[in-house]
Amino acid sequence: MRLSRYFLPVLKETPAEAQIVSHRLMLRAGMIKQQAAGIYSWLPLGFRVLRRIEQIVHEEQARAGHIALLMPTLQPADLWRESGRYDAYGQEMLRVTDRHKRDLLYGPTNEEMITDIFRSHVSSYRDLPLTLYHIQWKFRDEIRPRFGVMRGREFLMKDGYNFDVDKQAALDAYNRHMVSYLRTYERMGLTAIPMRAASGPIGGDNTHEFLVLAQTGESEVFYDDRVTGLKLGNRAVDYYNPEAVKAVCEEFTSLYARTDETHDEAAFAEVPEAHRKVGRGIEVGQIFYFGTKYSEPMGAMVVNAEGERVPVHMGSHGIGVSRLAGAIIEASHDERGIIWPEGVTPFHCGIVNLRQGDSATDAACEGLYAALQARGLEPLYDDTQERAGAKFATMDLIGLPWRLTVGPRGLQKGVVELTCRRSGESEEMSAEAAVERLGEIYAAHR
Ligand code: P5A
């Protein structure tokens, strides 16, 4: 992308309404625009990040054997009357009436609808296990939308639902989700800690929230700080081997880590004092096992191996896709702006032309631009007439992890400069070597 032809409405001033750094930076970097309280447009740069986050989610869901579909945002109220949640959900639910006076609602979650799909098409244990998911906009009429996309009213969620013949099989699915979520967040450059939590209106006793530690987080958390050092890394976990999956879950959940909703002072006191930490966290996901809470009232039954008709066992699993854009920034920024992890960056690198209009410099930039694209990378080429200082400030603000700087002085020596946004370190090398290096860096993130 050439910056001269792009739409990147960066702001010079810090917007007064934004209380936390991610919200400020998303506005300043031209990623989002508020349209109403808790409702945002995603401008081109923000939209690219959202798509990258979605892509990682889709890839990791596929790896775990989960199947994508797409349900609508509007749902008939009657489905929710069947489960009993239509009245129970309260004011957070946005209720709508159509021209025929039929009650609809803008879905805050999809347990009822997916159970309806299931009961229409599945009746035998032979079709199980089954996990279906989608990435779709949700609406919750939050009493206090704030912090930008972090607590929105309209927000993008990945929500998945598992269907299993009995409790044990459903708990295996729960564990599988835990591991696939750990991998998902790690690929986004995040450490998200699974913590015992409360289930709220979704239901069930088994639930974990995934929290990214941050001062600005809305949840109070209590944890053994050794949990922050756990990494899944590149280890190959066989999702079809429940014992192997469970072993990983035990590794990640045996140290104390709870939100304030389930915090237990006595158990916490057993954590060695040097490791006992109280802090704040951003909830970027939550998984639930709730058994037959929806399948029983809605009649989602399967015939098991013994020939009995039993209600299917279910769980649901959510990732806050739009919230993640904010959470990643909270976890990765400095005083100059955002620092995108390679996994979610909107462009792989920036190209800064220090002397726009100088034919040799322009030609070198064009060459780099083409060579990077030929390697499957997406550069953002600042080909504007801005002065160098302003170009650097914009690149730092929007946070691309790598920057290539091209100017007449370097070109005389046959080099361009490759700068790492995170460390600030620069290295001079030939244009070919820089393309090669960036190709290798991003190959490690595929
Ligand atoms: C699990 C999937 C559920 O709704 N039903 C389907 C279950 N869980 S949840 O915890 O309520 O939501 C899942 C994740 O969505 C994000 N989230 C939000 N993001 C932005 N603004 C909001 N108002 C908001 N509410 C929830 C969180 O990341 C949450 O973990």
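Provided above is the structure to which this section pertains.
Small disclaimer: the values here were computed from a predicted structure and weren't measured.

**Student:** Got a minute to help me understand the overall build of the chain in this structure?
**Tutor:** Along the backbone of the chain there are 14 helices and 23 strands. For 446 residues, the compact-globule formula gives about 22 Å, and the C-alpha radius of gyration of the chain, at 24 Å, lands near that figure. When its C-alpha atoms are laid out on the principal axes, the chain stretches across 80 × 60 × 45 Å. Counting every atom, the chain has about 19,700 Å² of accessible surface; 49% of that belongs to carbon and sulfur. Taking the average location of the 53 positive side-chain charges in the chain and that of its 62 negative ones, the two points are 4 Å from each other.

**Student:** What should I look at first to understand the sheet that holds strand β5 (residues 94-97) in this one?
**Tutor:** Through backbone hydrogen bonds, the strands of a sheet pair up, either in parallel or in antiparallel fashion. On the basis of which strands lie adjacent, the open sheet formed by three strands has the order β4-β6-β5 and antiparallel pairing. Bordering the open sheet on either side are β4 (74-76) and β5, each of which pairs with just one other strand. Strand-to-strand, the axes of this sheet are offset by a mean angle of 35°, without reference to chain direction. Here β5 pairs with strand β6 (residues 103-106) via four bridges, running antiparallel. Looking across to β6, one finds that V96 is bridged to L104.

**Student:** Which parts of the structure should I look at to understand unusual backbone geometry?
**Tutor:** Peptide bonds are, in most cases, trans, and in most cases residues other than glycine have a negative phi. Cis rather than trans, the peptide bond between L128 and P129 has omega equal to 0°. Here P129 is to be found in the loop between α5 (111-121) and β7 (130-139). At K101, a position not held by glycine, the phi torsion is positive, near 65°. By secondary structure assignment, the location of K101 is in the loop between β5 and β6.

**Student:** When you look at the sheet that holds strand β23 (residues 426-429) in this model, what are you seeing that I'm missing?
**Tutor:** Strand order in this open sheet of five strands is β20-β19-β21-β22-β23, and the pairing throughout is mixed. Among the strands making up the open sheet, the edge pair consists of β20 (379-382) and β23. Within the sheet, the average angular offset between the axes of one strand and its neighbour, ignoring direction, is 20°. Against the sheet, helix α11 (residues 359-374) contacts β19 (349-353), β20, β21 (402-406) and β22 (416-420), and its axis sits at roughly 170° relative to β19.

**Student:** Help me understand the pattern of salt bridges, please; the structure alone is not making it clear to me.
**Tutor:** As a working rule, side chains carrying opposite charge can pair if their charged atoms are close by. A full pass over the atoms with the stated rule returns 30 salt bridges. Put simply, R437 and E427 hold a salt bridge, and the shortest N to O gap is 3.0 Å. Pair noted here: R437 is in helix α14 (residues 431-443) and E427 is in strand β23, with a separation of 10 residues, a long-range link. The exposure class of E427 is partly exposed, given its relative accessible area of 38%. Where salt bridges share partners, they join E59, E60, R63, R183 and R187 into one cluster.

**Student:** Any chance you could explain the site of the ligand here in plain terms?
**Tutor:** Inspection of the region around the ligand gives 23 residues, with T109, E111, R140, G152 and E283 positioned closest. Here a nitrogen atom of the ligand and a side-chain polar atom of R323 are 3.5 Å apart. Notes on the ligand: free accessible area 590 Å², of which the protein chains cover 96%. More than half of the atoms belonging to the ligand lie within 2 Å of the grid points that define the largest pocket. Put simply, the parts of the chain that give the shell around the ligand at least two residues each are β8 (154-164), β13 (276-291) and β16 (313-320).

**Student:** Just checking my understanding: could you explain the nonpolar core for this structure?
**Tutor:** Among soluble globular proteins, nonpolar side chains are generally buried collectively. By size, the foremost hydrophobic cluster in this structure holds 77 residues, and its most contacted members are M31, I53, Y185, F210 and V284. Looking at this core, the element that brings in the most residues is helix α6 (residues 167-187), giving eight residues. Ignoring any residue separated from it by four or fewer positions in sequence, one finds V284 in contact with Y185, A192, F210, V212, G318, I319, G320, L324 and A327. L79, M113, I114 and V122 belong to the second-largest nonpolar core, a separate cluster that totals 27 residues.

**Student:** Please explain empty space enclosed by the protein as it appears in this structure.
**Tutor:** To find the voids left in a structure, one rolls a probe of water-molecule size over its atoms. For the structure shown, the criterion picks out two cavities of 30 Å³ or more. Roughly 90 Å³ of volume is contained in the largest cavity. Along the walls of the largest cavity sit L182, Y185, E186, L190, T191, A192, I193, P194, V227, L230, K231 and F252, which together make up its complete lining. Elements with a minimum of two residues in the lining of the largest cavity: α6 and β9 (192-196). In the lining of the largest cavity, the residues fall into nine nonpolar, one polar and two charged. A volume near 40 Å³ is recorded for the second largest cavity. Forming the boundary of the second largest cavity are Y40, W42, W137, V149, E154, F155 and S322. Elements that contribute at least two residues to the lining of the second largest cavity include exactly β2 (39-42) and β8. When the residues that make up the lining of the second largest cavity are grouped by side-chain class, the tally is five nonpolar, one polar and one charged.

Rules and cut-offs
Residues numbered from 1 in each chain as written. Predicted model: local features only at pLDDT ≥ 70, side-chain atom pairs only at ≥ 80, totals over all residues. Heavy atoms only, no water. Helix = DSSP H or I, 4+ residues; strand = E, 2+ residues; numbered from the N terminus. Rg over C-alpha atoms; globule rule 2.2 N^0.38 Å. Areas by Shrake-Rupley, 256 points an atom, 1.4 Å probe, with all protein chains shown as cover. Lys, Arg positive; Asp, Glu negative; His and termini not counted. Charge placed at Lys NZ, Arg CZ, Asp CG, Glu CD. Pairing = 2+ DSSP bridges. Axes fitted to C-alpha atoms, helices over the stretch in contact; angles between N-to-C directions. Contact = heavy atoms within 4.5 Å. Salt bridge = Lys/Arg side-chain N within 4 Å of Asp/Glu carboxyl O. Buried < 20%, exposed > 50% of the residue type's maximum accessible area, 1.4 Å probe, protein only. Near = heavy atom within 4 Å. Polar contact = N/O pair within 3.5 Å; in protein donor to acceptor, adjacent residues only side chain to side chain. 1 Å grid on protein atoms, 1.4 Å probe; cavity = no way out; pocket = protein on both sides within 12 Å on 5 of 7 lines; lining within 4 Å. Sits in = over half its atoms within 2 Å of the grid points. Core = buried A, V, L, I, M, F, W, Y, C linked by side-chain atoms within 4.5 Å. Points joined across faces, edges and corners; volume = space filled by probe spheres on them. Nonpolar A, V, L, I, M, F, W, Y, C, P; charged D, E, K, R; others polar.

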